[in-house]
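Single-letter residue listing:
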Amino acid sequence: MNRRFFLRGSAMLGCSAAAHPFLSSVTLAAAGGGHPLGDHRLVVIILRGAMDGLDVLQPLGDPLFAGYRPTLAQNSRASDLDGYFALHARLGGLMPLWQAGELAFAHAVSTPYRDKRSHFDGQDLLEAGTGLDAPLGVARDGWLNRLLQTVPGLTAQTAYAIGREAVPLLAGSAGMRSWEPDTGLEMSSQNRLLLEAIYHEDALFRDASAEALDLAAIMKAGGMDAGLPAKSKDPAGLGDIDALVDFAAARLREDTRIAAFSQNGWDTHRGQAAGIGRSLTRLERLVLRLKEQLGPVWGNTTVLAMTEFGRTVRENGTKGTDHGTGGLLVMAGGAIRGGKVYGRWPGLAEADLYDQRDLMPTSDVRAYAGWAMAAAYGLDASVLERSVFPGLDLGTNPKFML
């Protein structure tokens, strides 16, 4: 049963199923002994549910903003960044990164997806990294997997999937392994020897069972075999993020070069102030924990947090926002040229909005990912436009990478 079939078949979950807060995952891609991907680390975070970029990075310098959002913009405690844009208070812990040049944003970005505003189709297109040349819903390689396919010399142990939901971003011919954070596996040494003997002649089951047991041993050694922390010990509900980040960071400090996280809970049709606040707290924790756990590797790391589309400029009658178009890209890491808001700001006048309701997209989010990979891995723009993001025109380099 795949993600699309299960979620669409669950009527009670509604459209927020694609952004359900209990669905979370991370995928890892590892380089071989010669490190074909070099020393650079790339971390991609898919923010499922359509994050409201206008709430995260608020254009307080535009007098129209408060009129569009009489509730959401009221009594904002956002931190001023550049005299025009301000950062949501629940990401205030990232301000030291902004001041150190390790945090940046690109506003008014999008994929080619327009008008229908379906979480499922929007996420599929975001992770496939393609245009609208193929029917939505058709299985395609993810763009990170296609990146791996362009780099020779990778080991067979190319990717891990960690969490309750796979990340299609890394799906494709490059292999993927999976681990669920709250599923344990224990076996005595005698039983393990018996299992190995039974499956000795069957390469498929022999290798799969050995892999599962080895990964379970890694989890236990790292103190992660007990599943997610109890709420009484983790009142903020952030222990699952720490467990996933710690596992990923341990590998990023070694041979792993690419990690892809999936963070849910961004669908804020009603009561947005509370809903987006919880999600931003988790995103802040993820980024800060990555910086802490990566240590000196952080200096060679680029983090890109992207969402399937933005939300309406106007708040709705339930103090939330509906599905929109132009969104926000969050960039962090020691390898970026931070302390800046990138992209061409389209303005909020009604004539400047997309369909008179959404932030007008002025750049393609895939182009930022492409330029990040060009700088990190020395890939030629033509390879990115042909193989990784087929049909994309990268355009002018925004030069957000050091």
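Everything quoted here is computed from the prediction, not taken from an experiment. (Residues numbered from 1 in each chain as written. Predicted model: local features only at pLDDT ≥ 70, side-chain atom pairs only at ≥ 80, totals over all residues. Heavy atoms only, no water.)

So, about the overall build of the chain. When helices and strands are tallied, the chain shows 12 helices and 13 strands. Within the chain, residue pairs in contact and separated by at least 24 positions form 76% of the contacts whose partners lie at least 6 positions apart. With an accessible surface of roughly 17100 Å², the chain has 53% of that area assigned to carbon and sulfur atoms. (Helix = DSSP H or I, 4+ residues; strand = E, 2+ residues; numbered from the N terminus. Contact = heavy atoms within 4.5 Å. Areas by Shrake-Rupley, 256 points an atom, 1.4 Å probe, with all protein chains shown as cover.)

Ranked by size, the top nonpolar core spans 44 residues in total, and within it Trp143, Leu144, Met306 and Met331 carry the most contacts. Counting residues per element, the ones that place at least two in this core are strand S2 (41-47), strand S6 (103-110), helix H6 (143-150), strand S9 (256-263), strand S10 (301-307), strand S11 (327-332), helix H11 (365-377) and helix H12 (381-388). For this core, the element with the most residues is H11, which contributes 10 residues. The contacts of methionine 331, once residues within four sequence positions are left out, are Glu102, Leu103, Ala104, Phe105, Ala106, Val303, Leu304, Ile336, Tyr342, Tyr368 and Phe400. Listed in part, the 41 residues of the second largest apolar core include Leu91, Leu252, Val303 and Val341. (Core = buried A, V, L, I, M, F, W, Y, C linked by side-chain atoms within 4.5 Å. Buried < 20%, exposed > 50% of the residue type's maximum accessible area, 1.4 Å probe, protein only.)

Turning our attention to the side chain of aspartate 55. Note that aspartate 55 resides in helix H2 (residues 53-56). The buried charged residue aspartate 55 lacks any salt bridge, with arginine 69 as its nearest oppositely charged partner at 4.8 Å. (Lys, Arg positive; Asp, Glu negative; His and termini not counted. Salt bridge = Lys/Arg side-chain N within 4 Å of Asp/Glu carboxyl O.)

Counted according to the given criterion, the structure contains 8 aromatic pairs. Through a chain of ring-to-ring contacts, the aromatic side chains of Tyr84, Phe85 and Trp345 assemble into a single cluster. The side chain of arginine 114 reaches across the aromatic face of tyrosine 354, ending 5.9 Å from its centre. (Phe/Tyr/Trp six-rings, centres within 6.5 Å; stacked < 30°, edge-to-face > 60°. Lys NZ or Arg CZ within 6 Å of the ring centre and 35° of its normal.)

Taken in spatial order, the 3 strands line up as S3-S5-S4 in an open sheet, and their pairing is antiparallel. Only two strands of the sheet have a single partner each, and these edge strands are strand S3 (57-58) and strand S4 (79-80). Strand direction decides the pairing type here: S3 and strand S5 (residues 86-87), joined by 2 bridges, are antiparallel. Within S5, the position partnered with leucine 57 by the bridge is leucine 87. (Pairing = 2+ DSSP bridges.)

All right, on to the side chain of arginine 251 then. If you trace the backbone, arginine 251 turns up in helix H9 (residues 239-252). Here phenylalanine 247 takes part through its backbone oxygen, which lies 3.0 Å from a polar atom of the side chain of arginine 251. (Polar contact = N/O pair within 3.5 Å; in protein donor to acceptor, adjacent residues only side chain to side chain.)

Contact pair H6 / H12: the axes reach a minimum separation of 10 Å and the direction vectors enclose 125°. Regarding the angle of H6 to H12, the classification is oblique. In this structure, the crossing between H6 and H12 has a hand that is right-handed. Judged by residue contacts, Trp143, Arg146, Leu147 and Thr150 of H6 engage Val383, Ser387 and Val388 from H12. The class makeup of the residues in the contact of H6 with H12 is 4 nonpolar, 2 polar and 1 charged. (Axes fitted to C-alpha atoms, helices over the stretch in contact; angles between N-to-C directions. Parallel < 35°, antiparallel > 145°, perpendicular 65-115°, else oblique. Left-handed = near helix turned anticlockwise from the far one by under 90°. Nonpolar A, V, L, I, M, F, W, Y, C, P; charged D, E, K, R; others polar.)

Attention now goes to the confidence of the model for the chain. Mean pLDDT over the chain works out to 82, with 71% of the residues at or above the 70 mark. Predicted confidence for residues 1-23 stays below pLDDT 50, and this span has 46 contacts to residues more than four positions away or in other chains. Within the model, the stretch residues 221-232 combines pLDDT values under 50 with 18 contacts to residues more than four positions away or in other chains. (pLDDT = per-residue confidence, 0-100.)

Bringing the environment of isoleucine 258 into the picture now. Looking at where isoleucine 258 falls in the secondary structure, it is placed in strand S9. The class of isoleucine 258 is buried, set by a relative accessible area of 0%. Distance from isoleucine 258 to arginine 41, taken between C-alpha atoms, is 5.8 Å for residues 217 residues apart in sequence.

The next subject is the environment of alanine 128. You can see alanine 128 is positioned in helix H5 (residues 119-128). The sequence separation of alanine 128 and glycine 142 amounts to 14 residues, and the corresponding C-alpha distance is 4.3 Å.

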